[in-house]
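Working through the structure, step by step
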Amino acid sequence: MLLIPCPNCGERDESEFDYGGRALAYPVLDASPGQWHEALHLRTNPLGDIDEYWYHSSGCECWIRLRRNLSTHKFSRLTSDESNT
Ligand SMILES: [Zn+2]
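Here the residue index of a chain counts from 1 through its sequence in written order. For this predicted model, a pLDDT threshold of at least 70 governs which residues receive local features, and a threshold of 80 or more governs which side-chain atom pairs are given and counted, while totals over whole chains, interfaces and linings are taken from all residues.

The next point concerns the overall build of the chain. Numbering of helices and strands runs from the N terminus, with a helix taken as a DSSP run of H or I at least four residues long and a strand as a DSSP run of E at least two residues long. Scanning the chain from terminus to terminus reveals two helices and six strands. Along the chain direction, N to C, the helices and strands of the chain fall in the order β-β-β-α-β-β-β-α. Each principal axis of the C-alpha distribution contributes one length, and for the chain these read about 40 × 25 × 25 Å. Within the chain, the fraction of its 85 residues that count as buried is 6%. By sequence separation, contacts in the chain at least 24 residues apart represent 51% of the contacts at least 6 residues apart. Every C-beta atom is placed from the backbone, and the number of other C-beta atoms within 10 Å of a residue's own sets its class: buried at 20 or more, exposed at 12 or fewer, partly exposed in between. Throughout, a residue-residue contact means that the two C-beta atoms, derived from backbone geometry, are no farther apart than 7 Å.

Structural data, given as C-alpha cells:
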C-alpha cells in the first residue's frame, strides 16, 4: 500500500488516485521521427527517483506531480522550480 502526499488533502491511500504516468520532457511537435522514437520508446528505467503524475480522483480531483523513489516507493514533494519543468 502506498500513501501518497496530496498537497491539498494530505497523505492518502493510493486507492484514491489514478496513475498518470511519468513526468517526462517530450520533444517539440515538429521534432524529427528519430527524436520522437527516442522520447517514446527508449526510456531509462532508473532504480532511484522519478517524477510522476497522479490524479486524486476520490479527493480534490487535482493532478499532482510527485517524485517517487522506485526502490523505496517513498514520495517526496517537488520544489516549485522542479514542478514547473
Ligand atoms: Zn487531494
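Now that the structure is up, let's keep going.
We now examine the environment of W63. Tracing the chain through its elements places W63 in strand β5 (residues 63-69). On a C-alpha basis, the gap between W63 and L42 in space is 26 Å, while along the polypeptide they are 21 residues apart. When sequence neighbours within four positions are dropped, the list of residues in contact with W63 reads G20, Y53 and Y55.

Moving on to the pairing of strand β1 (residues 3-6). Two faces belong to every sheet, and in a regular strand the side chains alternate between them. Bridging between β1 and strand β2 (residues 10-13) involves four bridges; their strand directions are antiparallel. Bridged to P5 within β2 is E11. We call two strands paired when DSSP finds no fewer than two bridges between them. Linking β1 back to β2 in an antiparallel pair, the connection comprises three residues.

Attention now moves to the pairing of β5. In this structure, strand β4 (residues 49-55) lies alongside β5, joined through seven bridges in antiparallel fashion. Of the residues in β5, the one forming a bridge with D49 is N69. Judged from the three bridges that link them, β5 and strand β6 (residues 75-77) form a sheet pairing that is antiparallel. Bridge pairing links R68 to F75 in β6.

By themselves these figures say nothing about function.
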